[in-house]
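# Fold and contact review
Listed below are the residues making up each chain.
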Amino acid sequence: MGRVEGKVAFITGAARGQGRSHAIRLAQEGADIIAIDLCEGLPENNYPPATEEDLAETVRQVEALDRRIVARKADVRDFDQVKSAVDAGVAELGRLDIVSANAGIAGSFNRAEDIPDDEWVNMQEINLSGVWRTCKAAIPHIRAGGRGGSMILTSSDAGLFAFPNIAHYVAAKHGVVGLMRTLALELAPDMIRVNSVHPTVVDTPMVNNEATFKLFRPDIEHPTADDFKEAAQGINALPIPWVDAVDISNAVLWLASDEARYVTGVALPVDAGANVK
Amino acid sequence: MAGQLEGKVAFITGAARGQGRSHAIRLAQEGADIIAVDLCAQIDTVAYPMATPDDLAETVRSVEELDRRIHAVEADVRDRDALQAAFDAGVAELGRVDIVLANAGIAPLSMNPVPEEWQDVIDVNLTGVYHTVEVAKPSMIEGGRGGAIVLTSSTAGLAGIGGSTPGGLGYTAAKHGVVGLMRSYANQLAEHSIRVNTIHPTGVNTPMVVNDVMQEFLQSDPQLGQAMANALPVDMIEAVDLSNAILWLVSDAARYVTGVTLPVDAGFLNKR
């Protein structure tokens, strides 16, 4: 029997990267999936966007595990789109138990004083308000299920401490912690648990690109993947440059499962020790 | 299906009953062999009955029933030489240790506090944890396969609760001290791929908490009683809930989790 058998999970940013990995890992343990993703590019992101083909690949991989999945293109900046997606998913799959509020962007890299206004606003809209809209759309369904539930909000090590040149990202990811703590308190009487996960560098398309290489190696004009690897290793205590998406999925799975039935209000780093280094 | 800890050996202190026994059983269920130590004797300043040799024998029986091997020794975490001897004998019998659970602890809380409580709780709950890691560390490093260490702290390791008696203050100070140890060890041992984390339980349904003395102590101080109220609608959690957190932390599912203070506290700390 799977560790989340009979449960339904709503995952944002599910077309690829961590979101797809969460969908697959939870499906492997018996969950059905409601998946959304923007599947569109944004001007401030210096990396290729997820596509509708990516989302279709997530669908294919979940179905290959004999689990059901309801996927649609939706924007976490628009509450109506998020609500209509989760409503449709619950109508088809019957209930909702787990939320992985994972959708997020990296944005462009500038000192705080140089961040364009619209980029600051868009970052908060996606990485913070998008998480809130995801929870807001999901909570009534989880409560109606009457069996409690587990919401996992994806923050970052940048939600626990500072990194230069990404103030908008750091502020949004810190904000996710405040949202998590408040929701954990508000929803405890319903046995709905709320926690955040805080990855270090994860090997996904959002991170593994030349713009990030430059963020980590401002000293080099055209840094390579190897230059980045060296710098990334420098932020971790364990002798590794980055973690894999599945490492975050394993934390999400544990928090979603009954093995963590009394874990709530916790900010959980999965960060190779970067937080103590 | 292979267990999550097949072929691994875990060294567990305070293993005669309560959380320690639960950890031994849960890890054995997943395939680990166990080196178990417990004082199995009374400490004068502790008002509730401590574990006995019979309790430790029951842990042995429970692990063997799962077809796992266990090497159990009566030893005091305050006595580094005795602890080292227990560890070495366990390794000689079961092989290299991959997992260390520094779980042994006391709660010398009573209505008639005595000054000696302070030293006893520091000796067991802080120095004992330090000894536990120190006796295991060299062979884990030498083994070259990494490993996972979990130190049992408390909600009182992250918040100023526990009351104003010598034992209560010492308990809170020791459990905070465990966090400092964890962070230092996490940094120091990372290069050897040995991970170190703490867990922070709220009130757990074990003999250390569920006894007349502790209940009287908690009820004597309304602030303390309030301090024990969880956010989730559960009065107490079970030892297996801590065991499940530990199992995750020591398994490959958490292969890159280190330096983390993990509350298993029904939302207690977040409620404050």
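Structure first, text after, so check above.
Heads up: these notes are all about the structure in this document. (Residues numbered from 1 in each chain as written. Chains lettered and ligands numbered in written order. Predicted model: local features only at pLDDT ≥ 70, side-chain atom pairs only at ≥ 80, totals over all residues. Heavy atoms only, no water.)

### Looking at the overall build of chain A
Selection rule: Counting from the N terminus, the helices are the DSSP runs of H or I reaching at least four residues and the strands are the DSSP runs of E reaching at least two. With C-alpha atoms as the basis for the radius of gyration, the globule rule is written as 2.2 Å multiplied by the number of residues raised to the power 0.38. Only protein chains enter the calculation, and the probe is 1.4 Å; a residue is then buried if its accessible area is under 20% of its type maximum, exposed if over 50%, and partly exposed in between. Neither His nor the chain termini are counted; the positive set is Lys and Arg, and the negative set is Asp and Glu. By convention, the charge on Lys lies at NZ, on Arg at CZ, on Asp at CG and on Glu at CD.
Scanning chain A for helices and strands turns up eight helices and seven strands. The C-alpha atoms of chain A give a radius of gyration of 18 Å, which matches the 19 Å a tight globule of 277 residues would have. By residue count, 61% of the 277 residues in chain A fall in the buried class. Separation between the mean location of the 26 positive side-chain charges and that of the 39 negative ones in chain A comes to 7 Å.

### Describing the packing of aromatic side chains
Counted only if it meets this: Here a pair means two rings of Phe, Tyr or Trp (six-membered ring of Trp) with centres within 6.5 Å. Their orientation is stacked below 30 degrees between planes, edge-to-face above 60, and tilted elsewhere. Either the NZ atom of lysine or the CZ atom of arginine qualifies as a charge over a ring when it sits within 6 Å of the ring centre and within 35 degrees of the ring normal.
On inspection of all chains with the given rule, the structure shows six aromatic pairs over all chains. Between F161(A) and F163(A), the ring centres sit 5.5 Å apart and the planes meet at 35°, which makes this aromatic pair tilted. Classification of F161(A) as partly exposed rests on a relative accessible area of 26%. A centroid spacing of 5.0 Å and a plane angle of 75° characterise the contact between F11(B) and F87(B), whose relative ring orientation is edge-to-face. Remark: F87(B) occurs in helix α3 (residues 80–94) and F11(B) occurs in strand β1 (residues 9–13); sequence separation between them is 76 residues. Among the aromatic side chains, those forming a connected cluster through ring pairs are F213(A), F216(A), F228(A) and W242(A). A cation over an aromatic ring shows up here: K136(A) above the ring of F79(A), its NZ or CZ 4.7 Å from the ring centre.

### Things to note about the interface of chain A and chain B
Heads up, the rule is: By definition in these notes, contact holds between two residues if any of their heavy atoms fall within 4.5 Å. Each reported salt bridge corresponds to a side-chain nitrogen of Lys or Arg within 4 Å of a carboxyl oxygen of Asp or Glu. The term polar contact refers here to a pair of N or O atoms within 3.5 Å; inside protein, the definition further demands a hydrogen-donor-capable atom paired with an acceptor-capable atom, and it admits residues adjacent in sequence only when both atoms are side-chain atoms. In the scheme used here, Gly and all other residues not listed as nonpolar or charged are polar, with Ala, Val, Leu, Ile, Met, Phe, Trp, Tyr, Cys and Pro taken as nonpolar and Asp, Glu, Lys and Arg as charged.
Residue-level contacts link 34 residues of chain A with 33 residues of chain B. Of the charged contacts in the structure, one is a salt bridge between D244(A) and R255(B), with a shortest N-O distance of 3.1 Å. Taken together, chain A and chain B are joined by eight residue pairs in polar contact (both at pLDDT 80 or more). Those elements that provide at least two residues to the side of chain A that touches chain B are α5 (167–187), α8 (245–256) and β7 (267–270) of chain A. Looking at the side of chain A that touches chain B, the element that brings in the most residues is α8(A), giving five residues. Across the side of chain A that touches chain B, the residue classes break down as 21 nonpolar, five polar and eight charged.

### So, the environment of A35(A)
Residue and element names in this part refer to chain A. Position of A35 among the secondary structure elements: in strand β2 (residues 32–37). For the pair A35 and R181, spaced 146 residues apart in sequence, the C-alpha to C-alpha distance is 25 Å. Among residues more than four places away in sequence, those in contact with A35 are I11, A14, L55, I69, V70, A71 and R72.

### Examining α8(A)
Using the following cut-off: Here, expected helix span is obtained from the residue count minus one, scaled by 1.5 Å.
The terminal C-alpha atoms of α8(A) lie 16 Å apart, and with 12 residues this matches the ideal 16 Å at 1.5 Å per residue to within 8%. In terms of burial, α8(A) is a largely internal element, 11 of the 12 residues being buried.

### Considering the sheet that holds strand β3 (residues 70–74) of chain B
Whether parallel or antiparallel, the strands of a sheet pair through hydrogen bonds between backbone atoms. All names here are of chain B. Here is the rule we go by: We treat two strands as partners when DSSP finds at least two bridges between them. All axes are obtained by fitting lines to C-alpha atoms, using only the stretch in contact for helices, and the reported angles, taken between N-to-C directions, cover 0 to 180 degrees.
Taken in spatial order, the seven strands line up as β3-β2-β1-β4-β5-β6-β7 in an open sheet, and their pairing is parallel. Pairing within the sheet leaves two strands with one partner each, and these edge strands are β3 and β7 (261–264). Mean inter-strand twist for the sheet, computed between neighbouring axes without regard to direction, equals 15°. Two elements, strand β2 (residues 33–38) and β3, share five bridges in a ladder whose sense is parallel. Residue pairing across strands places V37 opposite V73, the latter belonging to β3. The strands that α3 touches are β1, β2 and β3; relative to β2, the one it contacts most, it runs at about 160°. Here helix α8 (residues 239–250) sits on the sheet in contact with β4 (99–102), β5 (147–152), β6 (194–201) and β7, set at roughly 160° to β6.

### Things to note about the side chain of R193(A)
Note that R193(A) resides in strand β6 (residues 192–199). One buried charged residue, R193(A), forms no salt bridge at all, with the nearest opposite charge on D258(A) at 5.5 Å. In terms of polar contacts, R193(A) uses its side chain to reach the backbone carbonyl oxygen of L255(A), at 2.7 Å. Polar contacts involving the side chain of R193(A) include one to the main-chain carbonyl oxygen of A260(A), which spans 2.8 Å. In this structure R193(A) touches G149(A), S150(A), M151(A), L255(A), A256(A), S257(A), A260(A), R261(A), Y262(A), V263(A), T264(A) and L232(B), once residues within four positions along its chain are discounted.

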